[in-house]
Amino acid sequence: MNTTETIKEEQSFSMPRIGDKAPEFKAVTTQGDINYPSDYKGKWSILFSHPADFTPVCTSEFMTFAHLEEKFEKANCSLIGLSIDGLYSHIAWLRTIKDKIEFNGMKNIEVKFPLIEDISMEVAKKYGMIQPGESKTQAVRAVFFVDPNEVVRAIIYYPLSLGRNFDELYRALIAMQTSDKFNVATPADWNPGDDVIVSPAGSCGVAEERMSSTEDLDCKDWFFCTKKLDKDLVLDSILKK
């Protein structure tokens, strides 16, 4: 492989990391032109890619996301899709979904969130959505969570054959917002109403105080303390009325 090919291969793999500012781009979408992420400043957003229009796994995913869009919007989160297809292909596919496809009890589903045209693969490459080991001409199923300050907060990647778990995407969104609002961490399989984790003690004195404290902490050891966090309090602080 020559130097030019090596550089191109590296560019295909390059991607923003957690904690980075989300790379900026302008794009044509099924809902008009967008400037990302600036158009979504002050909100959470999920930028996700799919391999191709008129494919069955992608169709099931878009129907599910469209069905859940209002739920994500209530959590102050906008959805933006992308594939390496043209605008007219996108429009025809979304019309077919609405007019002909039924899946998991869902039918007549209208996709109202933007679907990006990315024939040049400019956005897909900027976000590392092209994984040559999987496909050099299709985006994998990437998911980028971007916070109101335009910072990438979480990244999840799936292979072409695996449809996403949308309950997990929503759970991750709520968990990150909970961490931000209440200065806590969330343990494995956490859902609103479950105990949350208090940051580990930063000194021997604090550790000793926690172990002997009568406050609302449940400390299994100095480094592992949890506390109750009311489900209604969490959801009331996150979800739009």
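Residues numbered from 1 in each chain as written. Predicted model: local features only at pLDDT ≥ 70, side-chain atom pairs only at ≥ 80, totals over all residues. Heavy atoms only, no water.

A. Region of the structure containing the sheet that holds strand β10 (residues 196–198). Pairing is antiparallel in the open sheet, where three strands are placed in the order β10-β12-β11. Two strands in the sheet have a free side with no partner beyond their single neighbour: β10 and β11 (218–221). Here the average twist between neighbouring strands, direction ignored, is 35°. Note: β10 against strand β12 (residues 224–227), three bridges, orientation antiparallel. Among the inter-strand pairings, Val196 is bridged to a residue of β12, identified as Lys227. (Pairing = 2+ DSSP bridges. Helix = DSSP H or I, 4+ residues; strand = E, 2+ residues; numbered from the N terminus. Axes fitted to C-alpha atoms, helices over the stretch in contact; angles between N-to-C directions.)

B. Quick peek at the pairing of strand β3 (residues 44–49). Burial analysis of β3 places six of its six residues in the buried class, which makes it a mostly covered element. Taking every second residue as pointing to the same face, both faces of β3 are buried, with Trp44, Ile46 and Phe48 on one and Ser45, Leu47 and Ser49 on the other. Bridging between β3 and strand β4 (residues 77–83) involves six bridges; their strand directions are parallel. Residue pairing across strands places Phe48 opposite Gly81, the latter belonging to β4. Read as a crossover between parallel neighbours, the route from β3 over helix α2 (residues 56–74) to β4 is right-handed. The sheet contact formed by β3 and strand β8 (residues 141–146) spans four bridges and is antiparallel. (Buried < 20%, exposed > 50% of the residue type's maximum accessible area, 1.4 Å probe, protein only. Right-handed = clockwise from strand over helix to strand, strands pointing away.)

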